[in-house]
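# A look at the structure
Here are the chains, one letter per residue:
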Amino acid sequence: MKKIILRLPALIIMGISWYLSSGTLETVQLPSVSDKLIHLVCFAGLGFFWTWWFKKEYWLQSPLKQILYVTLIVAAYGLVDEIHQYFVPGRYASALDWLADVAGGFLGGIAGFVGALILKKIGIKSSDSLPS
């Protein structure tokens with residue numbers, strides 16, 4: 001049950017992202033900042049929470065490989081979401097949005113790993129699913 005709960009944030013972010021990208025730009029109220037920044041931050045959060053899907057042993061053995069996996073998962077989702085937006089009236093697919101998604105996923109993967117290292121250093125135990 002604990003592993004399911006730890007995996008929910010990534011799925012919730014994906015669901016919210018999908019819902020928001022299903023609306024037209026007129027119906028979705030976005031903050032007045034660059035949409036690339038919104039993509040970067042949203043997908044960084046997604047990448048961070050995807051780090052919770054991998055066992056800590058994997059992170060300890062090969063953290064760069066795990067960051068790559070997280071980045072690829074987020075990149076794949078970002079690509080599917082951009083293709084999805086192509087078919088939504090009033091929306092369009094953007095390679096630059098997708099690149100912001102990929103960069104966010106990469107930064108989120110790094111943040112998840114660094115966060116786990118900090119928790120380990122100060123002596124807080126984490127779940128087997130967290131990269132500690």
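So, here's what we can say about the structure. (Residues numbered from 1 in each chain as written. Predicted model: local features only at pLDDT ≥ 70, side-chain atom pairs only at ≥ 80, totals over all residues. Heavy atoms only, no water.)

### Re the packing of aromatic side chains
The final tally for this structure, using the stated rule, is 7 aromatic pairs. Between Phe 48 and Phe 49, the aromatic rings sit 5.1 Å apart at their centres with planes inclined by 80 degrees, giving edge-to-face as the arrangement. On the basis of relative accessibility, which here comes to 25%, the residue Phe 48 falls in the partly exposed class. Within the aromatic cluster, the residues linked to one another by ring pairs are Phe 48, Phe 49 and Trp 52. (Phe/Tyr/Trp six-rings, centres within 6.5 Å; stacked < 30°, edge-to-face > 60°. Buried < 20%, exposed > 50% of the residue type's maximum accessible area, 1.4 Å probe, protein only.)

### Let's talk about the nonpolar core
Grouped together as the largest cluster of nonpolar side chains are 13 residues, with contacts concentrated most on Leu 46, Trp 50, Trp 59, Val 70 and Val 74. At the level of elements, helix H1 (2–21), helix H2 (35–50) and helix H4 (63–86) are the ones that each hand at least two residues to this core. In contact with Leu 46, not counting residues within four places along its chain, are Ala 10, Ile 13, Met 14, Val 74 and Tyr 77. (Core = buried A, V, L, I, M, F, W, Y, C linked by side-chain atoms within 4.5 Å. Helix = DSSP H or I, 4+ residues; strand = E, 2+ residues; numbered from the N terminus. Contact = heavy atoms within 4.5 Å.)

### What to know about H4
Between its terminal C-alpha atoms H4 stretches 35 Å, which fits the 34 Å expected from 24 residues at 1.5 Å a residue. Taken together, the buried residues of H4 touch H1, H2, helix H3 (56–61) and helix H5 (95–121). (Expected span 1.5 Å × (residues − 1).)

### Description of the packing of H2 against H5
Across the interface, H2 lies against H5 with an axial gap of 6 Å and an inter-helix angle of 40 degrees. By the angle class used here, H2 and H5 are oblique. Handedness of the H2/H5 crossing: right-handed. Counting all contacts with H2, which are made through Asp 35, Lys 36, His 39, Leu 40, Phe 43, Ala 44, Gly 47 and Phe 48, the residues of H5 involved are Leu 96, Asp 97, Ala 100, Asp 101, Ala 103, Gly 104, Gly 105, Leu 107, Gly 108, Gly 109, Ala 111 and Gly 112. Looking at side-chain class alone, the contact of H2 with H5 contains 9 nonpolar, 7 polar and 4 charged residues. (Axes fitted to C-alpha atoms, helices over the stretch in contact; angles between N-to-C directions. Parallel < 35°, antiparallel > 145°, perpendicular 65-115°, else oblique. Left-handed = near helix turned anticlockwise from the far one by under 90°. Nonpolar A, V, L, I, M, F, W, Y, C, P; charged D, E, K, R; others polar.)

### Description of the side chain of His 39
Turning to its location among the elements, His 39 is positioned in helix H2. The exposure class of His 39 is buried, given its relative accessible area of 13%. Apart from residues lying up to four places away in sequence, His 39 is in contact with Glu 82, Asp 97, Ala 100 and Asp 101.

### Points about a nonpolar patch on the surface
On the surface, Met 1, Ile 4, Ile 5, Leu 8, Leu 11, Ile 12, Ile 16, Tyr 19 and Leu 20 cluster together into a nonpolar patch covering about 960 Å² of accessible area. With respect to the element layout, Ile 16 can be found in helix H1. (Patch = residues over 30% accessible without salt bridge, like charges linked within 9 Å, V, L, I, M, F, W, Y side chains within 5 Å. Areas by Shrake-Rupley, 256 points an atom, 1.4 Å probe, with all protein chains shown as cover. Salt bridge = Lys/Arg side-chain N within 4 Å of Asp/Glu carboxyl O.)

### Let's talk about H1
Residues spaced three or four apart along an α-helix face the same direction, because each turn holds 3.6 residues. In this model H1 runs 30 Å from its N-terminal to its C-terminal C-alpha over 20 residues, within 8% of the 28 Å that 1.5 Å per residue would give. Leu 8 marks the point of greatest bend in H1, at about 35 degrees, and the proline Pro 9 comes within the next four residues. Every buried residue belonging to H1 is among Leu 6, Pro 9, Ala 10, Ile 13, Met 14, Ser 17 and Ser 21, and all of these are buried. The inward-facing, buried residues of H1 contact H2 and H4. (Bend = angle between axes of the 7 residues up to and from the residue.)

### Considering the environment of Ile 13
Within the secondary structure layout, Ile 13 lies in helix H1. Sequence separation between Ile 13 and Phe 49 is 36 residues; the distance between their C-alpha atoms is 8.9 Å. Setting aside chain neighbours within four positions, we find Ile 13 in contact with Cys 42, Gly 45, Leu 46 and Phe 49.

Function cannot be read off these values alone, since they describe shape.
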